[in-house]
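A closer look at the structure
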Amino acid sequence: MQNSEVKIIHNKEVAPGYFLLGLSWTPKRVRPGQFVMLRVSDGLDPLLRRPFGIYRVMPGQRGVELLYQVVGKGTRILAAKRPGESLGVLGPLGNGFPKPGKGKKIIMAAGGMGIVPLYPLINELKDGLLLFGARGKAGTKVIKDFKKLKCRIRIATEDGSAGQAGLVTDLLREEVTPDAVVYACGPPGMLKAVSVIAEQADAPCWVSLERSMACGIGVCLGCAVKTRTHEEEAENRLYKMVCSDGPVFSSGDMDWDAI
Amino acid sequence: MTVDIAGIRLKNPVMTASGTFGYGLEFSPYTALDKLGAIIVKGLSLRPRPGNPGPRIVETPCGMLNAIGLQNAGVGTFIKEKLPLLRKIKTPVIANIFGENIADYAEAASMLDSVDGVAGLEVNISCPNVKHGGIVFGTDPNEAHRVVSAVRAATGLPVITKLSPNVTDIRVMVRAVEEAGTDAVSLINTIPGMVIDVEKRRPAIANRIGGLSGPAIRPIAVRMVWEAASVANTPLIGIGGITTARDALEFIMAGAAAVQVGTANFLDPDAAVKVAEGIRDYATKHKTSAAELTGAARR
Ligand SMILES: Cc1cc2nc3c(=O)[nH]c(=O)nc-3n(C[C@H](O)[C@H](O)[C@H](O)COP(=O)(O)OP(=O)(O)OC[C@H]3O[C@@H](n4cnc5c(N)ncnc54)[C@H](O)[C@@H]3O)c2cc1C
Ligand SMILES: Cc1cc2nc3c(=O)[nH]c(=O)nc-3n(C[C@H](O)[C@H](O)[C@H](O)COP(=O)(O)O)c2cc1C
Ligand code: FES
């Protein structure tokens, strides 16, 4: 965990609206699934740092890469940054994904930018099946890098322009078995469906969640998610913090009606 | 740079604001806790509180809105689990307390009175009195007087009363809590605000209304400290949107003897220490001290 000013190595548009940001930042240890809080501007608007998953440790430990989509004010400012400029980075933060256990069938289900935290996981495990869902063919460009990793990939697009027509959860239903372990990241609706499918198949399932964040280190209590703990004496543990208890949670622990 | 607030000796006039610095320990990887004037911990209540459903926060222009719902593990758990670790830090720890009724405030105060490692209490009166039709203690001088008197009677620790900005005349509140025996006054707490998500056509946070903090509120907070200083007989602690030493100096020159840094801790976990260092640099450059600068703009 560090708070540092780091230089931008590159910030290139890899697909329309998607940028790969290389930072000259070398944290001691990064676990797959961890994230950073980026200060995109020295000014006071936007005020808060923005959370981004750690996509890749660059070859030769030169730095770290993030992959982000431009969705609003902060990411627009970020997209305009040039190599050589510096950014405030706080991290690595969060818990990261747990190991799958021996002999498990590893399934990763990703929707859109949800692929980011799964890249370092596949890279570390050197194994697994990636199920990727996007709206159309354009959205599948971001998984180019995955083709170099040793993993099987299946794609689903809503409009059928690439891979199978349908949702990533359709693929998961076909692939999931009781000896599987499921890792998932994506929009809340998708994660909820993934958790139901995994539970029905009796397969353990880890989800990486997103919430608006202010501090990223568990102190503002702003990024709360509701858990299934219902007993009276556990009342003060009803909420967990995505930034410090997560972002990875066991899907069975979450109250999906509140997510 | 040392200042005396309510009998608490501070290395410098910069404290961390309640709810923005956890229990302090979370910041030890990022900042030198020993260089802070004081650490004010997250608001504590007699019984644990689960907090509000999410979303709890939303960003606003130069600020943020929060409705955390005062989530905390309770005074007892704080004493058992956090305080032993906090005793190792060479910075005074001030416990921020709140309650749903006067008896709860008093009991929380007396529990903290009997333990080692708490330098003082900050009483958050921006909460509704559940036993009295939900009127917010900090918006009614009589309620404020009653709750501060009860805390005063329950503890020998220095008492700082933290005022709500949600009043017409802050001077009335300052007088009320001073009469009730507070040793110092801190201000301001967050300002009630609202954001509507126009895509979803509903309020952006689950609680609908939240507390606005950050640089957006600073001019309001400076004005309130200025007004409070016109009647106060106890030291004032200025809070609201401080991100730099210059911001802090505005409060000090308006009449504050010390300041608290809140939301800025989220932008930079080292912000409070930098503010303290900046005030010291200013004082050195101008051959003066924080104490001398207090109220400088009033003279
Ligand atoms: C742990 C974590 C990891 C993340 N990793 C990545 C990543 O690797 N790549 C990536 O592109 N994005 C990631 N995100 C989402 C990213 O943080 C947001 O897209 C970003 O903060 C938006 O900032 P903005 O200023 O551009 O948008 P804003 O102007 O703040 O908002 C624009 C739109 O984005 C939505 N939005 C804002 N914050 C979030 C959020 N935290 N999650 C989802 N939607 C949000 C808003 O509701 C709004 O519709 C991650 C979020 C979290 C919590
Ligand atoms: C996320 C958050 C949580 C807070 N929690 C508390 C609290 O528990 N008790 C309290 O007295 N004030 C609380 N506050 C108010 C701050 O201590 C401070 O008065 C306010 O944020 C204004 O200062 P700032 O603009 O520097 O943040 C909280 C503020 C924020 C942003
Ligand atoms: S973002 Fe502050 S607690 Fe998670």
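**A few points about the overall build of chain B**
From N to C terminus, chain B includes 9 helices and 18 strands. Relative to the globule expectation of 19 Å for 299 residues, the C-alpha radius of gyration of chain B, 18 Å, shows essentially globular dimensions. Dimensions of chain B, computed from the C-alpha atoms along their principal axes, are close to 50 × 50 × 40 Å. Expressed as a percentage of its 299 residues, the buried residues of chain B come to 59%. Sequence separation of at least 24 residues holds for 69% of the intrachain contacts in chain B that already meet a minimum separation of 6. For chain B, the exposed area adds up to about 11500 Å²; of that, 52% sits on carbon and sulfur atoms. Treating the 31 positive side-chain charges of chain B as one cloud and the 27 negative ones as another, the clouds have centres 2 Å apart.

**What to know about the site of ligand 2**
Taken together, 23 residues lie around ligand 2, and Ser 18, Lys 162, Gly 214, Gly 241 and Thr 263 of chain B are the ones closest in. Nearby residues around ligand 2 are contributed by chains A and B. The side chain of Lys 42 of chain B places a nitrogen or oxygen atom 3.1 Å from an oxygen atom of ligand 2. At 3.3 Å from an oxygen atom of ligand 2 is found a side-chain nitrogen or oxygen belonging to Asn 124 of chain B. About the coverage of ligand 2: the protein hides 97% of its 610 Å² of free accessible area.

**Comments concerning the environment of Thr 26 of chain A**
Residue and element names in this part refer to chain A. Looking at the secondary structure, you find Thr 26 in the loop between β2 (18–23) and β3 (35–39). Expressed as a C-alpha distance, the spacing of Thr 26 and Gly 63, which sit 37 residues apart in the sequence, is 5.2 Å. In this view, Thr 26 contacts Gln 61, Arg 62 and Gly 63; residues no more than four positions away in its chain are not counted.

**Digging into the packing of aromatic side chains**
What the rule picks out here adds up to 8 aromatic pairs over all chains. Taking 3.9 Å as the distance between ring centres and 20° as the angle between the ring planes, the aromatic pair formed by Phe 21 of chain B and Phe 27 of chain B counts as stacked. Taken together, Phe 19, Phe 52 and Tyr 68 of chain A form an aromatic cluster joined through their ring pairs. For Arg 298 of chain B, the ring lying beneath its charged end belongs to Trp 226 of chain B, and the centroid distance is 4.4 Å.

**Some details on the site of ligand 1**
Residues and elements named next belong to chain A. Not every one of the 18 residues close to ligand 1 is listed here, only the nearest: Arg 50, Pro 51, Gln 69, Gly 74 and Thr 75. Here an oxygen atom of ligand 1 and a backbone polar atom of Gly 74 are 2.6 Å apart. Note that a nitrogen atom of ligand 1 is positioned 2.9 Å from one of the side-chain N or O atoms of Glu 210. Per-element accounting of the shell around ligand 1 gives the leading share, 4 residues, to strand β4 (residues 50–53).

**Some thoughts on the domain arrangement of chain A**
All names here are of chain A. Entries for chain A in the domain assignment read domain 1 (2–93) and domain 2 (105–258). Using C-alpha coordinates to define each centre, domain 1 is positioned 22 Å away from domain 2. On the domain 2 side, the residues contacting the 20 residues of domain 1 number 20 residues. Between domain 1 and domain 2, roughly 1800 Å² of surface is buried when both sides are summed, and carbon and sulfur atoms account for 68% of that area. When residues of domain 1 are sorted by the area they lose upon contact with domain 2, Pro 32, Phe 35 and Tyr 55 head the list and together hold 31% of the total. For the pair domain 1 and domain 2, the interface holds 1 salt bridge. Salt-bridge contacts for Arg 56 lead to Asp 145; the nearest nitrogen and oxygen are separated by 3.8 Å. Connecting domain 1 to domain 2 are 2 residue pairs in polar contact (both at pLDDT 80 or more).

**Concerning the sheet that holds strand β17 (residues 236–239) of chain B**
Residues and elements named next belong to chain B. The 8 strands lie next to each other as β3-β4-β7-β8-β11-β12-β17-β18, forming a closed barrel whose pairing is parallel. Ignoring which end each strand starts from, the neighbouring axes of this sheet average 25° apart. Bridge count between β17 and strand β18 (residues 258–261): 3 bridges; the pairing is parallel. Note on β18: the bridge partner recorded for Ile 237 is Ala 258. Contacts from helix α3 (residues 141–154) reach β7 (93–97), β8 (120–124) and β11 (159–162) within the one sheet, and its direction differs from that of β11 by about 160°.

**A few points about the interface of chain B and chain A**
Often, the extent of an interface is quoted as the loss of accessible area on bringing the components together. The interface is formed by 34 residues belonging to chain B together with 28 residues belonging to chain A. Each partner contributes to the roughly 2600 Å² buried at the junction of chain B and chain A, and carbon and sulfur atoms together form 64% of this total. Taken as a group, Tyr 30, Glu 59 and Leu 267 of chain B account for 27% of the area that chain B buries against chain A, more than any other trio of residues on that side. Linking chain B with chain A are 1 salt bridge, by the criterion used here. Of the charged contacts, one joins Glu 59 of chain B and Arg 50 of chain A as a salt bridge, the two residues approaching to 2.8 Å between their closest N and O atoms. Linking chain B to chain A there are 6 residue pairs in polar contact (both at pLDDT 80 or more). Where the side of chain B that touches chain A is concerned, the elements lending two or more residues are β5 (57–60), β6 (63–66) and α7 (264–267) of chain B.

**Side note on the sheet that holds strand β13 (residues 191–194) of chain B**
Residues and elements named next belong to chain B. Spatial strand order, β5-β6-β16-β13: 4 strands in an open sheet with antiparallel pairing. In this open sheet, the two edge strands, each paired with only one partner strand, are β5 and β13. Taking the axes of each pair of neighbouring strands and ignoring which way they run, one obtains an average angle of 40° across the sheet.

**Quick notes on α3 of chain B**
Owing to its 3.6 residues per turn, the α-helix aligns residues three or four sequence positions apart on the same side. Residues and elements named next belong to chain B. For α3, spanning 14 residues, the distance from its first C-alpha to its last is 20 Å, which sits close to the expected 20 Å at 1.5 Å a residue. Taken together, the buried positions of α3 are occupied by Glu 143, Ala 144, Val 147, Val 148, Val 151 and Ala 154. Buried residues along α3 cover an arc of 125° about the axis, so they all sit on one side. Of the exposed residues in α3, those oriented more than 90 degrees away from the buried face are Asn 142 and Ala 153. Regarding α3, its N-cap is Asp 140, as a side-chain oxygen of that residue lies 2.8 Å from the backbone nitrogen of Asn 142 further along.

**Observations regarding the environment of Ser 164 of chain B**
Residue and element names in this part refer to chain B. Relative to the helices and strands, Ser 164 resides in the loop between β11 and α4 (170–179). Accessibility expressed as a relative area gives 5% for Ser 164, which makes it buried. In sequence terms Ser 164 and Thr 244 are 80 residues apart; their C-alpha atoms lie 23 Å from each other. From its side chain, Ser 164 meets the backbone nitrogen of Asn 166 in a polar contact 3.0 Å long.

**Some thoughts on the pairing of β18 of chain B**
Residue and element names in this part refer to chain B. Here β18 shows two buried faces, one formed by Ala 258 and Gln 260 and the other by Val 259 and Val 261. As paired elements, strand β3 (residues 14–16) and β18 share 3 bridges and run parallel to each other. Looking at β18, one finds that Thr 16 is bridged to Val 261. In this view, the connection linking β17 to its parallel neighbour β18 by way of helix α6 (residues 245–254) has right-handed handedness.

So, how was this worked out
- Residues numbered from 1 in each chain as written.
- Chains lettered and ligands numbered in written order.
- Predicted model: local features only at pLDDT ≥ 70, side-chain atom pairs only at ≥ 80, totals over all residues.
- Heavy atoms only, no water.
- Helix = DSSP H or I, 4+ residues; strand = E, 2+ residues; numbered from the N terminus.
- Rg over C-alpha atoms; globule rule 2.2 N^0.38 Å.
- Buried < 20%, exposed > 50% of the residue type's maximum accessible area, 1.4 Å probe, protein only.
- Contact = heavy atoms within 4.5 Å.
- Areas by Shrake-Rupley, 256 points an atom, 1.4 Å probe, with all protein chains shown as cover.
- Lys, Arg positive; Asp, Glu negative; His and termini not counted.
- Charge placed at Lys NZ, Arg CZ, Asp CG, Glu CD.
- Near = heavy atom within 4 Å.
- Polar contact = N/O pair within 3.5 Å; in protein donor to acceptor, adjacent residues only side chain to side chain.
- Phe/Tyr/Trp six-rings, centres within 6.5 Å; stacked < 30°, edge-to-face > 60°.
- Lys NZ or Arg CZ within 6 Å of the ring centre and 35° of its normal.
- Domains from an automatic or database assignment.
- Buried area = accessible area lost by both parts, 1.4 Å probe.
- Salt bridge = Lys/Arg side-chain N within 4 Å of Asp/Glu carboxyl O.
- Pairing = 2+ DSSP bridges.
- Axes fitted to C-alpha atoms, helices over the stretch in contact; angles between N-to-C directions.
- Expected span 1.5 Å × (residues − 1).
- Arc of directions from axis to C-beta.
- Right-handed = clockwise from strand over helix to strand, strands pointing away.

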